[in-house]
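Now for the letters of each chain:
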Amino acid sequence: MYSEDETLMLSGIQHFRFCPRQWALIHIEQQWEDNRLTVEGELLHKHADDPCYRQKCGDHISLRAVHLASRKLGLYGVSDVVELHPTEDVVNSIIHPKYPRRWLPCRTPCGCVD
């Protein structure tokens, strides 16, 4: 179990995987400055961070800007998309307050396939 001070931001993991130097500038040195390309990327990414945008396709639901945290894994952050699939499993499922039934959160879109 990690304490709150020991947890890592999900975005930090993405930054490190993309470019360790970028990660250090943002998360250690705190010297990151936006440029034209990063501002364009932020604008294109804007809809992914809209928690009011939900999508239902058949019996699947896609939620945007979902806040996630795990003290067990030592991670926290906001996921662009979490896809929910209906399930009868009571152990590994969640109940969403706006959608009555049990749902299995999936990390890959379109069918929980690895």
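For the structure, check the block above.
As a starting point, this report considers the structure included with it.

## A closer look at a negative patch on the surface
(1) Moving on: Where like charges cluster on the molecular surface, the negative patch consists of E33, D34, E42, D49 and D80.
(2) Moving on: With respect to the secondary-structure elements, D80 resides in strand 4 (residues 75-86).

## Quick notes on the environment of L10
(1) Moving on: Within the secondary structure layout, L10 lies in helix 1 (residues 10-18).
(2) Moving on: Judged by relative accessible area, which is 27%, L10 ranks as partly exposed.
(3) Moving on: Spatially, the C-alpha atom of L10 lies 22 Å from that of R54, the residues being 44 residues apart in sequence.
(4) Moving on: Other than its neighbours up to four places away in sequence, L10 contacts L68, L75, Y76, G77 and V78.

Here is what the cut-offs are and how they apply
- Residues numbered from 1 in each chain as written.
- Predicted model: local features only at pLDDT ≥ 70, side-chain atom pairs only at ≥ 80, totals over all residues.
- Heavy atoms only, no water.
- Patch = residues over 30% accessible without salt bridge, like charges linked within 9 Å, V, L, I, M, F, W, Y side chains within 5 Å.
- Areas by Shrake-Rupley, 256 points an atom, 1.4 Å probe, with all protein chains shown as cover.
- Salt bridge = Lys/Arg side-chain N within 4 Å of Asp/Glu carboxyl O.
- Lys, Arg positive; Asp, Glu negative; His and termini not counted.
- Charge placed at Lys NZ, Arg CZ, Asp CG, Glu CD.
- Helix = DSSP H or I, 4+ residues; strand = E, 2+ residues; numbered from the N terminus.
- Buried < 20%, exposed > 50% of the residue type's maximum accessible area, 1.4 Å probe, protein only.
- Contact = heavy atoms within 4.5 Å.

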